[in-house]
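# Summary of structural features
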Amino acid sequence: MEVNYIQNFDSLLKLLNSRYEVILYPVGNEGYVFLECMEYQNLINRFCCVASKEVRDGVAQNFIRSLPIIKVECLPHFRSTALIIVVAPAAFHQKINEELLKFGFENIAFVSEQFNVQVKNTLDQIVKSGYAIMWSMNHITNKIASLEKLVDGQDEIRNVHTKTFSDYRNCFLGRKIVILAGGPSAKYYSPIKDAIHIGLNFAWQREDIVLDYLFTQDRWQNELSNLKMEDGFDRIKHKIFVGRCLDNYPRPNYPENVSIKRKNVLRYYLDESPLHEVMYQDICYHPIRCYGSTSFAALSFALFTYPKEIYLVGFDTADLGNHFYKHPDPKYSETGKNSTPVLPVMKVGYAKIKMFAQQYYPDIDIISVNPVGLKGLFHDVYTEEFEKNLNNGGGAA
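Just so you know, these numbers come straight off a predicted model, no measurement behind them.

About the cut-offs
- Residues numbered from 1 in each chain as written.
- Predicted model: local features only at pLDDT ≥ 70, side-chain atom pairs only at ≥ 80, totals over all residues.
- Heavy atoms only, no water.
- Helix = DSSP H or I, 4+ residues; strand = E, 2+ residues; numbered from the N terminus.
- Buried < 20%, exposed > 50% of the residue type's maximum accessible area, 1.4 Å probe, protein only.
- Contact = heavy atoms within 4.5 Å.
- Areas by Shrake-Rupley, 256 points an atom, 1.4 Å probe, with all protein chains shown as cover.
- Polar contact = N/O pair within 3.5 Å; in protein donor to acceptor, adjacent residues only side chain to side chain.
- Pairing = 2+ DSSP bridges.
- Axes fitted to C-alpha atoms, helices over the stretch in contact; angles between N-to-C directions.
- Salt bridge = Lys/Arg side-chain N within 4 Å of Asp/Glu carboxyl O.

## Structural notes on the overall build of the protein
Along the protein, the regular secondary structure elements total 10 helices and 16 strands. The buried share among the 397 residues of the protein stands at 51%. Long-range contacts, defined as pairs at least 24 residues apart, comprise 70% of the intrachain contacts of the protein with a sequence gap of at least 6. When the accessible area of the protein is evaluated, it comes to approximately 19100 Å², of which 49% is carbon and sulfur surface.

This is how it looks when you write it as structure tokens:
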């Protein structure tokens, strides 16, 4: 079985520049040296994550050199789209190649022995030059700034989240929850009887479904046209959760009068943190992690309520410009194409959610209804109409 090799830095850079989804599979000392070299050269963010055969002690929060460690079994939705780069002793190349091919990865490349030597020599030069010390100091400074931001807002986060979420701890034990996102596949979903329905953003446009709850954040959609997110608030049966990001980026957040006009509007804080940072189980005391989508807040909330099953509807994670509803911005399909680099972040985020749920909520079944970009990650189910459309060459849209 033939093994494909990367021979030098130029070849590596061409691969990294040509792909949105690159996963690193490091083994042994060779793998660690490669990761360290990539970080010092500011190339580490070109990789989605680190894949591993095992994650020690089943802990879902592990990371190495600023990259999250994801079990290979939690990466099936990357099999046909991602390039996986393996850095390992030559003696293991053939076996690893066979294992990854068996799992279903279609694009695999190995760092050659000669390239490993180049990487080690480059790292030695970086360390001797003193650049590593400067890089480490900058890294420490950034970490201190992050801690200052977190500590500065912790009291407000705790107070707001305790008010917003404390009544929902384990409240849906044994129930079914459906989270309705905006992907085109959602139009093939028929409402599940007696399920709790949670909508995301403009999902309230699905008029045949009564949404019990709605999650929305940043209010950026209101900047796109005359149709406002609040136009659908009166359709929500119970609570509306509006999120505000903790970063310093100037975002169009919801004003206070949204809460004053409607007593069923509750606030929460989200943190668009790097993928390697931990996810919190108790959302009453911590910000909710966000990896490029409102869905992560709804999923964190759903797990917190401890249902029996969580159904993911319209989580296409394939084309951010397409929705089952008419989007208020006629140019959104065009702008959505510019968000393609966000998709790998979201896909790693869902893999993290799976590992998190396996650790803390192993008896909750997460079910993807008509999955597209997340195919194979959770428990997949398909509706008859969706499969018929696929068989006729119609695709998910």
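There is more to say after this.
## So, the side chain of Lys-352
Looking at the secondary structure, you find Lys-352 in helix α9 (residues 342–360). Ignoring sequence-local partners within four residues, the contact set of Lys-352 consists of Pro-68, Ile-70, Leu-275, His-276, Glu-277, Met-279 and Tyr-291.

## Overview of the side chain of Ser-185
With respect to the helices and strands, the residue Ser-185 is situated in the loop between β8 (176–180) and β9 (196–200). A relative accessible area of 1% means that Ser-185 is categorised as buried. Polar contacts involving the side chain of Ser-185 include one to the side chain of Asp-316, which spans 2.5 Å.

## Topic: the sheet that holds strand β13 (residues 288–289)
Taking strand neighbours across the sheet as the criterion, the nine strands line up as β13-β12-β11-β10-β9-β8-β14-β15-β16 in an open arrangement whose pairing is parallel. The open sheet has two edge strands with one neighbour each: β13 and β16 (379–381). Pairing geometry for β8 and β9, over four bridges, is parallel. The partner of Val-178 across the bridge, within β9, is His-197. Sheet strands touched by helix α7 (residues 295–305): β8, β9, β10 (213–217), β11 (239–245), β12 (265–271), β13 and β14 (309–313). Its angle to β8, the strand with the most contacts, is close to 175°.

## Structural notes on the pattern of salt bridges
Counting across every chain of the model gives nine salt bridges. Between Lys-347 and Glu-21 there is a salt bridge, and its shortest N-O distance comes to 3.1 Å. Remark: Glu-21 occurs in the loop between α1 (9–18) and β2 (22–26) and Lys-347 occurs in helix α9; sequence separation between them is 326 residues. With respect to class, Lys-347 is no different from Glu-21; both count as buried. Between Arg-169 and Asp-282 there is a salt bridge whose closest N-O contact spans 3.5 Å. Of this pair, Arg-169 sits in the loop between α5 (131–165) and β8 while Asp-282 sits in the loop between β12 and β13; the two residues are 113 residues apart in sequence, bridging distant segments of the chain. Owing to a relative accessible area of 40%, Arg-169 belongs among the partly exposed residues under this scheme.

## Brief notes about the sheet that holds strand β4 (residues 63–64)
Reading across from one edge, β1-β7-β6-β2-β3-β5-β4 is the order of the seven strands in this open sheet, with mixed pairing throughout. The outermost strands of the open sheet, each flanked by one partner alone, are β1 (5–6) and β4. Two elements, β2 and strand β3 (residues 49–52), share two bridges in a ladder whose sense is parallel. Of the residues in β3, the one forming a bridge with Ile-23 is Cys-49. Sitting on the sheet, helix α3 (residues 93–103) touches β1, β2, β6 (83–87) and β7 (107–111), and the angle it makes with β7 is about 165°. Sitting on the sheet, α9 is in contact with β3 and β5 (67–71), with an inclination near 60° to β5.

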